[in-house]
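Each chain is listed here by its residues.
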Amino acid sequence: MGAVKTVGIFSKPGAEAAHELVPRLIAWLAERGIEVRLDRETAGYAGSANGLDRLKVPEGCDLAVVLGGDGTLLSAARAVGDRAIPLLAVNLGGWGS
């Protein structure tokens, strides 16, 4: 994998930890000159109304970060489809929730 220039971020709806994590992640990426593409849930955690439909997030991305549980990971994997984009999963889910 070459240099990461654009990261797509997918987040679990209603994930309390994402309210703090998402703005910090976006800032960390921005400090490194990395652009982000956000789904609607992630944009909401970042205080923005400019989120994309999940199927559009992977367009032009070099990496996808998934903040959530199994369901969020599966949703992101469906959005990525057959594109050669690695998924980095960060578990914010809980057992059976």
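Thresholds applied
Residues numbered from 1 in each chain as written. Predicted model: local features only at pLDDT ≥ 70, side-chain atom pairs only at ≥ 80, totals over all residues. Heavy atoms only, no water. Buried < 20%, exposed > 50% of the residue type's maximum accessible area, 1.4 Å probe, protein only. Helix = DSSP H or I, 4+ residues; strand = E, 2+ residues; numbered from the N terminus. Pairing = 2+ DSSP bridges. Right-handed = clockwise from strand over helix to strand, strands pointing away. Core = buried A, V, L, I, M, F, W, Y, C linked by side-chain atoms within 4.5 Å. Contact = heavy atoms within 4.5 Å. Axes fitted to C-alpha atoms, helices over the stretch in contact; angles between N-to-C directions.

A few words now on the pairing of strand S3 (residues 63-68). The side chains of a regular strand alternate between both faces of the sheet. Counting buried positions along S3 yields six of six residues, so the element is predominantly enclosed. Here five bridges tie strand S1 (residues 6-11) to S3, and the two strands are oriented parallel to one another. Bridge pairing in S3 links Val7 to Leu63. Read as a crossover between parallel neighbours, the route from S3 over helix H3 (residues 70-80) to strand S4 (residues 87-91) is right-handed.

Looking now at the nonpolar core. Val7, Ile9, Val22, Leu25, Leu29, Val65 and Leu67 are the most contacted members of the largest nonpolar core, which totals 15 residues. Mapped by element, the contributors of at least two residues to this core are S1, helix H1 (18-31), helix H2 (40-45) and S3. A total of five residues in this core trace back to one element, the largest contributor, which is H1. Excluding residues within four positions of it along the chain, Val65 makes contact with Val7, Gly8, Ile9, Phe10, Leu25 and Leu88.

The four strands lie next to each other as S2-S1-S3-S4, forming an open sheet whose pairing is parallel. A single partner strand is all that each edge strand has here, and the edge strands are strand S2 (35-38) and S4. Each strand of the sheet is rotated relative to its neighbour by a mean of 20°, with strand direction disregarded. Note: S1 against S2, four bridges, orientation parallel.

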